[in-house]
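Each chain, letter by letter, is given below.
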Amino acid sequence: MMSKDPVQVYCRLRPMQSLTDVSCMTVESDRTVVITPPGSAANFRTNKEIKTTFSHVFKSDVTQREIFETVALPLVENLINGRNGLLFTYGVTGSGKTYTMTGDPQDAGIMPRCLDVIFNTIANYQTKKFVFKPDKLNSFDVQSQTDAMLERQFHAGLLQRARFDKHHKADSDGDSKPMVAHKRNESQSLTVEVDNAYAIFVTYVEIYNNSVYDLLDEDFIRTKTLQSKIVREDGNKNMYVHAVTEIEVKSAEEAFELFQRGQWKRHVEYTTLNAESSRSHSVFTIRLVQAPLDSEGEQVMQAKQVVCVSQLSLVDLAGSERTNRTKNTGQRLREAGNINNSLMTLRSCLEILRENQNQGTNKIVPYRDSKLTHLFKNYFDGEGQVRMIVCVNPRADDYDETIVFMKFAEMTQEVHITRPTSVKLDLGFTPGRRQANKIFKEARSKLEKEGRPEAADLNIDLGLVYSLGGSFPQLEMTTSDNDQIIQSLIQYLEQRINKHNILRTDLQKKQDDFRWTLMSIEQENVNLKIEAASLKAANIQEKRKISALEGHVCKSEKQIDDLLRKLNSTNERIQILEQEVGLLLISTACAYSCVCLHATLI
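The structure presented is a predicted model; accordingly, all values stated were derived computationally and were not measured.

**Concerning helix α1 (residues 64–80)**
- Of all the bends found along α1, the most pronounced is centred on A72 and spans about 50°, while P74, a proline, follows it within four residues.
- Burial in α1 covers these residues: Q64, I67, F68, V71, A72, L73, L75, V76, N78, L79 and I80.
- Looking at the residues trailing α1, positive phi occurs at G82, about 85°.

Here it is, written out as structure tokens:
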């Protein structure tokens, strides 16, 4: 059975504004406030003290940081982990709701501190802009790097043109409004899945006179009016504002600037009780989109089913007012009526939810009676974590309004909301692949710089860890209403099926790659065998030629030996003949000398 948690309600007491003011409240403990009805109260019956108990009571000297860490930081942690959260500030006009939510430039409230922690946490893991793109159906698509780059270039041109127009407009009519710089208030960060890629989108809407308006609508600059939006249900039964402007932001400063732009368009007016009374409910939603990197830890996976979208909605409710105190008339009176009606509808919805849960009834909860309750229907009927800060002015003069709010806020804690579960899909990829890919690239780059070009062909493949996840959820049935158990089982099985399909696809890809590698090796082996046979035949022919040549060489060497012997014999005969010729010449010369001598003597 799916676990449920009560709505956590916190009480914050505003400091007394005047030394002459009388307090009707005493903080008895860190969870209990004692309220003493003043004699001037309209509902005064007896001076009996009333005790109200909350998740925590913050005294008037509490710091903004302490409230953030106690109330909002757990919601931010849930957001990082893929779970939804909702935080209301609730109370009468002038009780400090807006200050608690936004603070001032000197001491930031919950919203700026949430942004600080979120961006501190994902600072090193954000995608470039437009990798994630809203699909207009309350979800997101993942674009390729090329498409994202083209869209960045397109929007850069639009932004440059808008800045040019704004500059000239400011020079011509002096209509520019100064921006309050966002001062970093939180330096802490949370644990994050380092193998995921992250992006932050923000929306800012107000619910005014029971109509929803987009405070970030760019058409407002041109038309000076805001168009009413409708609330729809997406494919996952989640409520959202249709066609709302979702803007991707890359820093807390950028998000805070958008918030301030929206603030200029909010309906804020002077009333008797508050110099700047919010005439509408404002909803600032931070949406965290995350998707795992591929098996190599480099590119964001583009499969839509692996994208996890979680959101934290920060709601600054307009203050309830009594006409006999505010003296409102005309438009202010109509606004106050709509504010009170929407808050009464919220109260009615929560009371019926409590009755259905405690008594097992099945009454219809009137979410559609108000845009406020309709927008957050999926939190109360579905799952998420809901927290409320009831801001209280302890003055005795405000007792009549305050006691109603505090009793309702105390009752709200009896409503139980299904504990949020992460919608992240574990793909079984090897943990730490982002860092491994970074180290691998650095090593490859180092090898290339050392003059080893073959390093460019090296590839990393970390692969998958093949696992379908944990055990089945608890299926114990304690009531006849098994819808939540069935939904939990369906969600769990769908995640297992998706993971199984992803693992099967990865296995099929690896099998195809391995088969292709085997075929390539086999083809190469056949080619090498053919080449080896050809070389072997050529080798045999060469050997035969060598043998024939060796025979010719031996024959030639024999012939040479014979010729050498003949040459030696001939040389010896020549020497003998030369000797004989020499002797013959000597003999001839001697005979000629004798003849000549004889002739002379005669």
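Text resumes after the structure shown.
**Remarks on the pairing of strand β22 (residues 385–392)**
- In terms of residue burial, β22 counts as a mostly covered element, since 8 of its 8 residues are buried.
- Here strand β2 (residues 8–13) runs beside β22; their pairing, made up of 6 bridges, is parallel. Each residue of the ladder has a partner; that of L13, found in β22, is V392.
- Sheet topology note: the strand β7 (residues 85–91)/β22 ladder contains 7 bridges and is parallel. Across the sheet, the residue bridging to G91 is C391, located in β22.

**Concerning the nonpolar core**
- Counting residues in hydrophobic clusters, the biggest one holds 53 residues, and the most contacted among them are C11, F88, F376 and F380.
- Sequence-distant contacts of C11, that is, excluding residues within four places in its chain, are made with V33, F54, H56, V57, F58, V390, V392 and M406.
- With 48 residues, the next largest nonpolar core counts C114, I247, I389 and C391 among its residues.

**Observations concerning the packing of helix α3 (residues 110–122) against helix α6 (residues 252–265)**
- Look at α3 against α6: their axes get within 9 Å of each other, and the N-to-C directions meet at 150°. Accordingly, the angle class assigned to the pair α3 and α6 is roughly antiparallel. Crossing angle aside, the handedness with which α3 passes α6 is right-handed. Side by side, α3 and α6 meet where M111, P112, L115, D116 and F119 of the first sit next to A252, A255, F256 and F259 of the second.
- Of the residues belonging to the contact of α3 with α6, the class tally is 8 nonpolar, no polar and 1 charged.

Cut-offs applied
Residues numbered from 1 in each chain as written. Predicted model: local features only at pLDDT ≥ 70, side-chain atom pairs only at ≥ 80, totals over all residues. Heavy atoms only, no water. Bend = angle between axes of the 7 residues up to and from the residue. Helix = DSSP H or I, 4+ residues; strand = E, 2+ residues; numbered from the N terminus. Buried < 20%, exposed > 50% of the residue type's maximum accessible area, 1.4 Å probe, protein only. Pairing = 2+ DSSP bridges. Core = buried A, V, L, I, M, F, W, Y, C linked by side-chain atoms within 4.5 Å. Contact = heavy atoms within 4.5 Å. Axes fitted to C-alpha atoms, helices over the stretch in contact; angles between N-to-C directions. Parallel < 35°, antiparallel > 145°, perpendicular 65-115°, else oblique. Left-handed = near helix turned anticlockwise from the far one by under 90°. Nonpolar A, V, L, I, M, F, W, Y, C, P; charged D, E, K, R; others polar.

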